[in-house]
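Here are the chains, one letter per residue:
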Amino acid sequence: MNIGQNGGNLDGIANNVKFSEFLLGFIPSNIVKSLSDGALLPFIVFAIFLGYGIGNLKSEKSQKIIEGFQIWIEAIYKIVAVIIKLSPIGIFGFIAKDVATTGVDKLIGLGQFVIGTYLAYAVLVLLIFPLIAFLFKVPYLSAFRENWSLLTLAFVTGSSSVVLPSLLKDLKKQGHDEHTIDLVVPLGYTFNLEGAAVYFSVATIFIAHAYGIQFSLSSLLFTVLLLTLIGKTAATVPSGAIVVLLAAAPQLGLPVEGVALIFAVDFFVNAGRTMINVLGQILTVSVIEKTEGYILEEEKESQLSVSFS
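If you're wondering where the values come from, they're calculated on a predicted model, not measured in any experiment.

1. Let's talk about the overall build of the chain
Part 1 of the argument: A count of helical and extended segments in the chain gives 15 helices and two strands.
Part 2 of the argument: In the chain, once contacts between residues fewer than 6 apart in sequence are set aside, the share between residues at least 24 apart is 76%.
Part 3 of the argument: As displayed, the chain has an accessible area near 17,600 Å², and 69% of this comes from carbon and sulfur atoms.

2. Re unusual backbone geometry
Part 1 of the argument: Unlike most non-glycine residues, Lys-137 shows phi in positive territory, near 55 degrees.
Part 2 of the argument: Positionally, Lys-137 belongs in the loop between α5 (105–135) and α6 (140–146).
Part 3 of the argument: Classification of Lys-137 as exposed rests on a relative accessible area of 68%.

3. Overview of the packing of aromatic side chains
Part 1 of the argument: Scanning the model with the defined rule gives seven aromatic pairs in all.
Part 2 of the argument: On the numbers, 6.5 Å between centres and 70 degrees between planes, the contact of Phe-129 with Tyr-140 is edge-to-face. Note that Phe-129 is positioned in helix α5 and Tyr-140 in helix α6, a separation of 11 residues in sequence.
Part 3 of the argument: The class for Phe-129 is buried, based on a relative accessible area of 2%.
Part 4 of the argument: Under the relative-accessibility criterion, Tyr-140 is labelled buried at 11%.
Part 5 of the argument: Within the aromatic cluster, the residues linked to one another by ring pairs are Phe-113, Tyr-199, Phe-200 and Phe-206.
Part 6 of the argument: Here the basic side chain of Arg-273 rests over the ring of Tyr-199, its NZ or CZ set 4.2 Å away from the ring centre.

4. A word on the environment of Ile-282
Part 1 of the argument: Turning to its location among the elements, Ile-282 is positioned in helix α14 (residues 266–292).
Part 2 of the argument: On the accessibility criterion, Ile-282 (1% relative accessible area) is buried.
Part 3 of the argument: When the C-alpha positions of Ile-282 and Ile-181 are compared, they lie 9.1 Å apart, and in sequence the two are 101 residues distant.

5. Quick word on the pattern of salt bridges
Part 1 of the argument: Per the stated rule, a full pass over the model turns up two salt bridges.
Part 2 of the argument: The salt bridge partner of Asp-182 is Lys-172, with a shortest N-O separation of 3.1 Å. In this pair, Asp-182 is assigned in helix α9 (residues 178–191) and Lys-172 in helix α8 (residues 160–173), connecting sequence segments 10 residues apart.
Part 3 of the argument: Residues Arg-273 and Asp-266 are paired through a salt bridge, measuring 3.3 Å at the closest nitrogen-oxygen approach.
Part 4 of the argument: Among the residues examined, Asp-266 registers a relative accessible area of 0% and is labelled buried.

6. What about the packing of α8 against α9?
Part 1 of the argument: Put simply, α8 and α9 touch, their axes get as near as 10 Å, and they point 165 degrees apart. The orientation of α8 relative to α9 falls into the category roughly antiparallel. Relative to α9, the crossing made by α8 is right-handed. Counted together, Ser-160, Ser-161, Val-163, Leu-164, Leu-167, Leu-168, Leu-171 and Lys-172 of α8 and Glu-178, Ile-181, Asp-182, Val-185, Pro-186 and Tyr-189 of α9 form the full contact between these two elements.
Part 2 of the argument: Taken together, the residues of the contact of α8 with α9 sort by class into nine nonpolar, two polar and three charged.

7. Observations regarding the environment of Tyr-199
Part 1 of the argument: Take Tyr-199: it is sitting in helix α10 (residues 194–210).
Part 2 of the argument: Leave out the neighbours within four places in its chain, and Tyr-199 touches Phe-113, Tyr-121, Ala-241, Ile-242, Leu-245, Ile-262, Asp-266, Val-269 and Arg-273.

Parameters and conventions
Residues numbered from 1 in each chain as written. Predicted model: local features only at pLDDT ≥ 70, side-chain atom pairs only at ≥ 80, totals over all residues. Heavy atoms only, no water. Helix = DSSP H or I, 4+ residues; strand = E, 2+ residues; numbered from the N terminus. Contact = heavy atoms within 4.5 Å. Areas by Shrake-Rupley, 256 points an atom, 1.4 Å probe, with all protein chains shown as cover. Buried < 20%, exposed > 50% of the residue type's maximum accessible area, 1.4 Å probe, protein only. Phe/Tyr/Trp six-rings, centres within 6.5 Å; stacked < 30°, edge-to-face > 60°. Lys NZ or Arg CZ within 6 Å of the ring centre and 35° of its normal. Salt bridge = Lys/Arg side-chain N within 4 Å of Asp/Glu carboxyl O. Axes fitted to C-alpha atoms, helices over the stretch in contact; angles between N-to-C directions. Parallel < 35°, antiparallel > 145°, perpendicular 65-115°, else oblique. Left-handed = near helix turned anticlockwise from the far one by under 90°. Nonpolar A, V, L, I, M, F, W, Y, C, P; charged D, E, K, R; others polar.

Geometric values such as these leave the question of function open.
Structural data, given as C-alpha coordinates:
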(Lines give C-alpha, C1' and ligand atoms only; values in the text may rest on other atoms or scores of the structure.)
Protein backbone atom coordinates (compact mmCIF):
# COMPACT_ATOMS: atom_id res chain seq x y z
CA MET A 1 0.00 0.00 0.00
CA ASN A 2 1.41 3.37 -1.02
CA ILE A 3 0.74 5.94 1.71
CA GLY A 4 3.00 8.64 0.36
CA GLN A 5 5.94 7.97 2.68
CA ASN A 6 9.60 7.93 1.79
CA GLY A 7 11.02 4.52 1.06
CA GLY A 8 13.70 2.86 3.10
CA ASN A 9 15.18 -0.50 3.93
CA LEU A 10 16.32 -2.55 6.88
CA ASP A 11 19.59 -3.74 5.33
CA GLY A 12 22.29 -3.94 7.93
CA ILE A 13 20.01 -3.86 10.95
CA ALA A 14 21.03 -7.38 11.93
CA ASN A 15 24.67 -6.81 10.96
CA ASN A 16 24.93 -3.84 13.30
CA VAL A 17 23.97 -5.98 16.29
CA LYS A 18 26.62 -8.29 17.74
CA PHE A 19 25.20 -11.47 19.19
CA SER A 20 27.18 -11.11 22.41
CA GLU A 21 25.94 -7.54 22.88
CA PHE A 22 22.41 -8.68 22.07
CA LEU A 23 22.55 -11.29 24.85
CA LEU A 24 24.14 -8.86 27.32
CA GLY A 25 21.32 -6.46 26.52
CA PHE A 26 19.00 -8.87 28.33
CA ILE A 27 20.64 -7.90 31.62
CA PRO A 28 19.41 -4.49 32.78
CA SER A 29 22.07 -2.11 34.08
CA ASN A 30 19.32 0.17 35.37
CA ILE A 31 15.78 -1.19 35.50
CA VAL A 32 14.22 2.30 35.69
CA LYS A 33 16.15 3.38 32.58
CA SER A 34 15.05 0.20 30.78
CA LEU A 35 11.43 1.04 31.53
CA SER A 36 11.80 4.65 30.43
CA ASP A 37 13.48 3.53 27.18
CA GLY A 38 10.71 1.00 26.52
CA ALA A 39 13.16 -1.95 26.55
CA LEU A 40 10.95 -4.91 27.44
CA LEU A 41 13.47 -7.76 27.28
CA PRO A 42 15.65 -6.50 30.17
CA PHE A 43 12.51 -5.98 32.22
CA ILE A 44 11.40 -9.58 31.55
CA VAL A 45 14.75 -10.86 32.84
CA PHE A 46 14.44 -8.61 35.89
CA ALA A 47 10.90 -9.92 36.50
CA ILE A 48 12.16 -13.53 36.40
CA PHE A 49 14.83 -12.86 39.01
CA LEU A 50 12.40 -10.83 41.11
CA GLY A 51 9.93 -13.72 41.01
CA TYR A 52 12.70 -16.08 42.12
CA GLY A 53 13.56 -13.76 45.00
CA ILE A 54 9.95 -13.38 46.12
CA GLY A 55 9.42 -17.13 45.88
CA ASN A 56 12.24 -17.73 48.35
CA LEU A 57 10.86 -15.35 50.97
CA LYS A 58 8.71 -16.43 53.86
CA SER A 59 5.09 -16.93 52.87
CA GLU A 60 3.89 -13.97 54.97
CA LYS A 61 6.33 -11.53 53.37
CA SER A 62 5.85 -12.82 49.83
CA GLN A 63 2.07 -12.64 50.18
CA LYS A 64 2.26 -8.95 51.13
CA ILE A 65 4.40 -8.21 48.08
CA ILE A 66 2.05 -10.13 45.79
CA GLU A 67 -0.97 -8.28 47.20
CA GLY A 68 0.80 -4.98 46.54
CA PHE A 69 1.45 -6.03 42.94
CA GLN A 70 -2.19 -7.01 42.52
CA ILE A 71 -3.30 -3.54 43.64
CA TRP A 72 -0.78 -1.99 41.25
CA ILE A 73 -2.01 -4.16 38.34
CA GLU A 74 -5.65 -3.28 39.01
CA ALA A 75 -4.76 0.42 39.02
CA ILE A 76 -2.90 0.05 35.71
CA TYR A 77 -5.90 -1.79 34.21
CA LYS A 78 -8.12 1.14 35.21
CA ILE A 79 -5.76 3.58 33.49
CA VAL A 80 -5.57 1.42 30.35
CA ALA A 81 -9.38 1.15 30.28
CA VAL A 82 -9.66 4.95 30.21
CA ILE A 83 -7.06 5.16 27.43
CA ILE A 84 -8.92 2.55 25.36
CA LYS A 85 -12.19 4.45 25.77
CA LEU A 86 -10.58 7.70 24.62
CA SER A 87 -8.48 6.16 21.84
CA PRO A 88 -11.27 6.21 19.19
CA ILE A 89 -11.23 10.01 19.34
CA GLY A 90 -7.49 10.10 18.71
CA ILE A 91 -7.72 7.44 15.99
CA PHE A 92 -10.51 9.40 14.28
CA GLY A 93 -8.32 12.49 14.17
CA PHE A 94 -5.33 10.47 12.97
CA ILE A 95 -7.27 8.82 10.15
CA ALA A 96 -9.10 12.05 9.22
CA LYS A 97 -5.78 13.86 8.76
CA ASP A 98 -4.34 10.99 6.70
CA VAL A 99 -7.42 10.69 4.50
CA ALA A 100 -7.39 14.46 3.93
CA THR A 101 -3.76 14.38 2.80
CA THR A 102 -3.49 11.00 1.01
CA GLY A 103 -7.08 10.12 0.05
CA VAL A 104 -9.23 7.08 0.71
CA ASP A 105 -6.65 4.66 -0.70
CA LYS A 106 -5.24 4.26 2.80
CA LEU A 107 -8.60 3.03 4.12
CA ILE A 108 -8.78 0.53 1.27
CA GLY A 109 -5.30 -0.65 2.21
CA LEU A 110 -6.36 -1.12 5.84
CA GLY A 111 -9.28 -3.23 4.62
CA GLN A 112 -6.80 -5.37 2.69
CA PHE A 113 -4.76 -5.72 5.88
CA VAL A 114 -7.81 -7.06 7.76
CA ILE A 115 -8.64 -9.50 4.95
CA GLY A 116 -5.04 -10.66 4.67
CA THR A 117 -4.80 -11.20 8.42
CA TYR A 118 -7.94 -13.35 8.47
CA LEU A 119 -6.64 -15.38 5.55
CA ALA A 120 -3.56 -16.07 7.64
CA TYR A 121 -5.80 -17.00 10.59
CA ALA A 122 -7.69 -19.40 8.31
CA VAL A 123 -4.46 -21.15 7.32
CA LEU A 124 -3.69 -21.71 10.99
CA VAL A 125 -7.18 -22.92 11.98
CA LEU A 126 -7.96 -24.99 8.88
CA LEU A 127 -4.52 -26.41 8.05
CA ILE A 128 -1.91 -26.13 10.81
CA PHE A 129 -4.11 -26.95 13.83
CA PRO A 130 -5.84 -29.94 12.12
CA LEU A 131 -2.42 -31.27 11.06
CA ILE A 132 -1.16 -31.08 14.66
CA ALA A 133 -4.36 -32.77 15.88
CA PHE A 134 -3.97 -35.53 13.26
CA LEU A 135 -0.34 -36.20 14.18
CA PHE A 136 -1.19 -36.53 17.89
CA LYS A 137 -4.58 -38.22 17.24
CA VAL A 138 -6.54 -35.47 18.98
CA PRO A 139 -10.28 -34.98 18.19
CA TYR A 140 -9.96 -31.45 16.82
CA LEU A 141 -13.54 -30.96 15.59
CA SER A 142 -15.11 -32.20 18.82
CA ALA A 143 -12.86 -29.91 20.86
CA PHE A 144 -13.90 -27.02 18.64
CA ARG A 145 -17.58 -27.90 19.05
CA GLU A 146 -17.48 -28.46 22.84
CA ASN A 147 -15.80 -25.10 23.46
CA TRP A 148 -17.66 -23.08 20.83
CA SER A 149 -19.34 -20.82 23.40
CA LEU A 150 -16.00 -19.86 24.96
CA LEU A 151 -14.43 -19.26 21.56
CA THR A 152 -17.35 -17.03 20.65
CA LEU A 153 -16.98 -15.11 23.92
CA ALA A 154 -13.26 -14.61 23.24
CA PHE A 155 -14.05 -13.40 19.72
CA VAL A 156 -16.64 -10.87 20.90
CA THR A 157 -14.76 -9.52 23.93
CA GLY A 158 -11.30 -9.54 22.35
CA SER A 159 -9.81 -10.64 25.69
CA SER A 160 -8.66 -14.17 26.42
CA SER A 161 -8.37 -13.30 30.12
CA VAL A 162 -12.15 -13.02 30.25
CA VAL A 163 -12.60 -16.69 29.36
CA LEU A 164 -9.73 -18.05 31.47
CA PRO A 165 -11.81 -19.06 34.54
CA SER A 166 -14.54 -20.64 32.39
CA LEU A 167 -11.95 -22.36 30.20
CA LEU A 168 -10.27 -24.01 33.20
CA LYS A 169 -13.63 -25.16 34.56
CA ASP A 170 -15.05 -26.43 31.26
CA LEU A 171 -11.92 -28.39 30.31
CA LYS A 172 -12.08 -30.18 33.66
CA LYS A 173 -15.76 -30.94 33.13
CA GLN A 174 -14.90 -32.46 29.75
CA GLY A 175 -12.67 -34.97 31.52
CA HIS A 176 -9.26 -33.51 30.83
CA ASP A 177 -6.49 -34.02 33.38
CA GLU A 178 -6.72 -31.37 36.10
CA HIS A 179 -2.96 -31.15 36.66
CA THR A 180 -2.30 -30.71 32.93
CA ILE A 181 -4.94 -27.97 32.68
CA ASP A 182 -3.65 -26.04 35.70
CA LEU A 183 -0.10 -26.05 34.29
CA VAL A 184 -0.59 -25.73 30.55
CA VAL A 185 -3.38 -23.16 30.25
CA PRO A 186 -2.05 -20.36 32.52
CA LEU A 187 1.48 -20.89 31.17
CA GLY A 188 0.14 -20.89 27.62
CA TYR A 189 -1.41 -17.48 28.13
CA THR A 190 2.14 -16.13 27.97
CA PHE A 191 4.08 -18.65 25.88
CA ASN A 192 1.44 -20.12 23.55
CA LEU A 193 -0.18 -17.25 21.64
CA GLU A 194 -0.53 -18.55 18.07
CA GLY A 195 -3.00 -15.84 17.07
CA ALA A 196 -0.63 -13.11 18.22
CA ALA A 197 2.25 -14.78 16.36
CA VAL A 198 0.28 -14.67 13.10
CA TYR A 199 -0.71 -11.06 13.74
CA PHE A 200 2.88 -9.96 14.42
CA SER A 201 4.01 -11.51 11.14
CA VAL A 202 1.30 -9.96 8.96
CA ALA A 203 1.39 -6.56 10.68
CA THR A 204 5.18 -6.25 10.45
CA ILE A 205 5.25 -7.05 6.73
CA PHE A 206 2.27 -4.76 6.09
CA ILE A 207 3.87 -1.77 7.81
CA ALA A 208 7.19 -2.38 6.06
CA HIS A 209 5.54 -2.53 2.64
CA ALA A 210 3.39 0.53 3.41
CA TYR A 211 6.54 2.58 3.96
CA GLY A 212 8.50 1.00 1.12
CA ILE A 213 10.88 -0.81 3.49
CA GLN A 214 12.54 -3.93 2.10
CA PHE A 215 13.51 -6.89 4.30
CA SER A 216 16.75 -8.68 3.63
CA LEU A 217 17.14 -12.27 4.81
CA SER A 218 19.29 -11.26 7.79
CA SER A 219 16.90 -8.50 8.88
CA LEU A 220 13.96 -10.90 8.50
CA LEU A 221 15.64 -13.48 10.74
CA PHE A 222 16.41 -10.77 13.30
CA THR A 223 12.76 -9.68 13.17
CA VAL A 224 11.57 -13.24 13.81
CA LEU A 225 13.96 -13.62 16.75
CA LEU A 226 13.01 -10.29 18.31
CA LEU A 227 9.25 -10.76 17.92
CA THR A 228 9.50 -14.32 19.26
CA LEU A 229 11.14 -13.07 22.44
CA ILE A 230 9.29 -9.80 22.90
CA GLY A 231 5.96 -11.38 21.93
CA LYS A 232 5.95 -13.23 25.25
CA THR A 233 5.11 -9.93 26.91
CA ALA A 234 1.79 -9.55 25.10
CA ALA A 235 -0.98 -8.98 27.64
CA THR A 236 -4.16 -11.05 27.26
CA VAL A 237 -6.32 -7.93 27.27
CA PRO A 238 -7.99 -6.24 24.27
CA SER A 239 -5.35 -4.92 21.83
CA GLY A 240 -2.53 -6.20 24.05
CA ALA A 241 -0.53 -7.34 21.02
CA ILE A 242 -0.56 -3.85 19.50
CA VAL A 243 1.34 -2.58 22.55
CA VAL A 244 4.09 -5.15 21.98
CA LEU A 245 4.28 -4.27 18.30
CA LEU A 246 4.48 -0.57 19.18
CA ALA A 247 7.40 -1.28 21.52
CA ALA A 248 9.18 -3.48 18.97
CA ALA A 249 8.77 -1.13 15.98
CA PRO A 250 11.69 1.25 16.80
CA GLN A 251 14.03 -1.71 17.37
CA LEU A 252 13.01 -3.09 13.95
CA GLY A 253 13.47 0.22 12.19
CA LEU A 254 9.74 0.55 11.52
CA PRO A 255 7.91 3.88 12.00
CA VAL A 256 5.58 3.89 15.00
CA GLU A 257 3.12 5.88 12.88
CA GLY A 258 2.53 2.69 10.91
CA VAL A 259 1.56 0.84 14.09
CA ALA A 260 -0.77 3.68 15.03
CA LEU A 261 -2.31 3.41 11.57
CA ILE A 262 -3.27 -0.27 11.87
CA PHE A 263 -4.56 0.36 15.39
CA ALA A 264 -7.57 1.91 13.66
CA VAL A 265 -8.67 -1.57 12.55
CA ASP A 266 -7.17 -3.54 15.43
CA PHE A 267 -10.63 -4.17 16.88
CA PHE A 268 -11.47 -6.35 13.86
CA VAL A 269 -8.22 -8.35 13.74
CA ASN A 270 -8.07 -8.63 17.54
CA ALA A 271 -11.30 -10.64 17.61
CA GLY A 272 -9.89 -13.47 15.50
CA ARG A 273 -6.49 -13.22 17.16
CA THR A 274 -8.00 -13.75 20.61
CA MET A 275 -10.18 -16.66 19.53
CA ILE A 276 -7.19 -18.46 18.01
CA ASN A 277 -5.15 -17.90 21.17
CA VAL A 278 -7.87 -19.64 23.23
CA LEU A 279 -8.24 -22.43 20.67
CA GLY A 280 -4.48 -22.96 20.87
CA GLN A 281 -4.71 -23.46 24.64
CA ILE A 282 -7.44 -26.09 24.18
CA LEU A 283 -5.45 -27.97 21.54
CA THR A 284 -2.25 -27.82 23.59
CA VAL A 285 -3.94 -29.42 26.62
CA SER A 286 -5.06 -32.37 24.46
CA VAL A 287 -1.61 -32.72 22.85
CA ILE A 288 0.19 -32.71 26.22
CA GLU A 289 -2.24 -35.32 27.54
CA LYS A 290 -1.48 -37.56 24.57
CA THR A 291 2.27 -37.25 25.06
CA GLU A 292 1.86 -38.03 28.77
CA GLY A 293 -0.41 -41.03 28.14
CA TYR A 294 -3.55 -39.57 29.73
CA ILE A 295 -6.85 -40.96 28.42
CA LEU A 296 -10.11 -39.01 28.54
CA GLU A 297 -13.05 -40.58 30.35
CA GLU A 298 -15.10 -40.86 27.15
CA GLU A 299 -12.18 -42.63 25.45
CA LYS A 300 -11.94 -45.03 28.40
CA GLU A 301 -15.66 -45.83 28.09
CA SER A 302 -15.36 -46.46 24.36
CA GLN A 303 -12.36 -48.76 24.93
CA LEU A 304 -14.29 -50.69 27.59
CA SER A 305 -17.32 -51.11 25.32
CA VAL A 306 -15.07 -52.42 22.52
CA SER A 307 -13.33 -54.88 24.87
CA PHE A 308 -16.65 -56.23 26.27
CA SER A 309 -18.15 -56.59 22.81
